[in-house]
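So you can see what is in the structure, the chains are spelled out below.
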Amino acid sequence: PNEFPSGYRSTGDRVGRGPKATNQNERMKTTELKIKVVFTEPTLGTASGNPDIQEEFIASKAPTATDAAEEVAAIQPVSEQITKASTVFARDAEGSVHCWDYQWKGFFKERVLAFIELGEITHLSPWTYRHAIDQFLFVTPRRILFKDTAGNSITGTLTMLQRPLRATTMKGDRVALASSEMLPAGTTCEFGVTLIEGERVGKAKTKTAGINEEQLRACLVYGKVAGFSQWRTGGYGRFTFECARTE
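Residues numbered from 1 in each chain as written. Predicted model: local features only at pLDDT ≥ 70, side-chain atom pairs only at ≥ 80, totals over all residues. Heavy atoms only, no water.

**Focus: the overall build of the protein chain**
When helices and strands are counted, the protein chain shows 5 helices and 12 strands. A burial count over the protein chain gives 46% of its 247 residues as buried. Put simply, 76% of the contacts in the protein chain that link residues at least 6 apart link residues at least 24 apart. Within the structure as shown, the protein chain displays about 13800 Å² of accessible surface, and the carbon and sulfur contribution to it stands at 52%. (Helix = DSSP H or I, 4+ residues; strand = E, 2+ residues; numbered from the N terminus. Buried < 20%, exposed > 50% of the residue type's maximum accessible area, 1.4 Å probe, protein only. Contact = heavy atoms within 4.5 Å. Areas by Shrake-Rupley, 256 points an atom, 1.4 Å probe, with all protein chains shown as cover.)

Encoded structure:
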């Protein structure tokens, strides 16, 4: 599963033809996938260690007020090392470290854009791919637990990584220090993906169609070199995966 499909190129054509639909519901083709990710490099937390910043700039973009409150409550610094300038992992009521479903949606959006720029996905454009992922790709559960090599949920104090952040601005180069919680290589997580493709992709009313299973697997393969979460350009968050259909 960790190799690019031979001759891979998307044309937007449907993958297969099911039995003739007898009602509107039967015309909708869905693919259910179970994915297990194994990180080959450490991965970094992305949530602000300052609940006020998390609430104002990040959780405020959650779809509902309930979701926003849930995300702010998930920020539970467990160490005095963590300052307001740190980035951390979200934690559930038991203190288990997790990521959110929308973070993996963001991963797929970034990878799909890369394939669009390479000319490998042609039925989407840089202006339609975000809508396509939002409408036709769904990740579950909302909280995706990280687990150690023994399969246990991860709790307690995590290792902190300090690193410089460099930026070139109109006033010249600027350097700041960043500090993030870090999970080690070997960490795993599992989640489900539902793809909605439809039975009439070639006759869609608009060009905003979703992605199919082959394209999703290609996105995951990309994770071997461009990983998940922060500092991907530094090699962090790289992973391998297992992907299987579920009944």
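**Some words on helix 3 (residues 101-118)**
Helix length check: helix 3, at 18 residues, gives a terminal C-alpha distance of 27 Å against a target of 26 Å (1.5 Å per residue), a fit within 8%. Regarding helix 3, the residues found buried are Asp101, Gln103, Trp104, Lys105, Phe107, Phe108, Lys109, Arg111, Val112, Ala114, Phe115 and Ile116. (Expected span 1.5 Å × (residues − 1).)

**Section: the pattern of salt bridges**
Within the structure shown, the criterion is met by 8 salt bridges. Taking the shortest distance from any N to any O, the salt bridge between Glu181 and Arg91 comes out at 3.3 Å. One end of the pair, Glu181, is in strand 10 (residues 172-183); the other, Arg91, is in strand 5 (residues 90-91), with 90 residues separating them in the sequence. Each member of the pair, Glu181 together with Arg91, is buried. Between Arg142 and Asp101 there is a salt bridge, with the nearest N and O atoms lying 3.8 Å from each other. Residue Arg142 is found in the loop between strand 7 (137-140) and strand 8 (143-147), and its partner Asp101 is found in helix 3; the two are separated by 41 residues along the sequence. Residue classification places Arg142 among the partly exposed positions, given a relative accessible area of 21%. Each member of the salt-bridge network shares a partner with another, and the members are Glu110, Arg111 and Arg232. (Salt bridge = Lys/Arg side-chain N within 4 Å of Asp/Glu carboxyl O.)

**Concerning the packing of aromatic side chains**
For the structure shown, the criterion picks out 12 aromatic pairs. Aromatic pair Trp104 and Phe228: ring centres 4.1 Å apart, planes at 10°, arrangement stacked. Pair noted here: Trp104 is in helix 3 and Phe228 is in the loop between helix 5 (213-222) and strand 12 (239-245), with a separation of 124 residues, a long-range link. For Trp104, a relative accessible area of 0% translates into the label buried. Put simply, the rings of Phe39, Phe89, Trp104, Phe107, Phe108, Phe146, Phe191, Phe228 and Phe239 pair up and form one aromatic cluster. In this arrangement the basic side chain of Arg111 is found over the ring face of Tyr222, its NZ or CZ atom lying 4.6 Å from the centre. (Phe/Tyr/Trp six-rings, centres within 6.5 Å; stacked < 30°, edge-to-face > 60°. Lys NZ or Arg CZ within 6 Å of the ring centre and 35° of its normal.)

**Topic: unusual backbone geometry**
Along the chain, Thr140 connects to Pro141 via a cis peptide bond; the corresponding omega equals -5°. Note that Pro141 resides in the loop between strand 7 and strand 8. Located in the positive-phi region is Ser229, a residue other than glycine, with phi close to 75°. Relative to the assigned elements, Ser229 resides in the loop between helix 5 and strand 12. For Ser229, a relative accessible area of 10% translates into the label buried. In the Ramachandran plot, Trp231 falls in the positive-phi region, its phi being about 50° despite a non-glycine side chain.

**Some details on the confidence of the model for the protein chain**
Of the residues in the protein chain, 70% reach a pLDDT of 70 or more, and the chain-wide mean stands at 80. Within the model, pLDDT remains below 50 along residues 4-22, and this stretch shows 35 contacts once partners closer than five positions in the same chain are excluded. (pLDDT = per-residue confidence, 0-100.)

**Side note on the nonpolar core**
In terms of nonpolar packing, the biggest core is built from 39 residues, with Trp104, Phe146 and Leu216 touching the most fellow members. No other element matches the 6 residues that helix 3 contributes to this core. Not counting residues up to four positions away in its chain, the partners in contact with Leu216 are Leu33, Ile35, Phe108, Leu137, Val193, Leu195 and Ile211. (Core = buried A, V, L, I, M, F, W, Y, C linked by side-chain atoms within 4.5 Å.)

**Looking at the pairing of strand 8**
Residues Ile144 and Phe146 line the buried face of strand 8, whereas the alternating positions Arg143, Leu145 and Lys147 sit on a face that is not buried. Across 3 bridges, strand 6 (residues 97-100) lies against strand 8 in antiparallel orientation. Directly across from His98, in strand 8, lies its bridge partner Leu145. By the bridge criterion, 2 bridges tie strand 8 to strand 11 (residues 188-196) in an arrangement that is antiparallel. Along strand 11, the bridge assignment pairs Lys147 with Thr188. (Pairing = 2+ DSSP bridges.)

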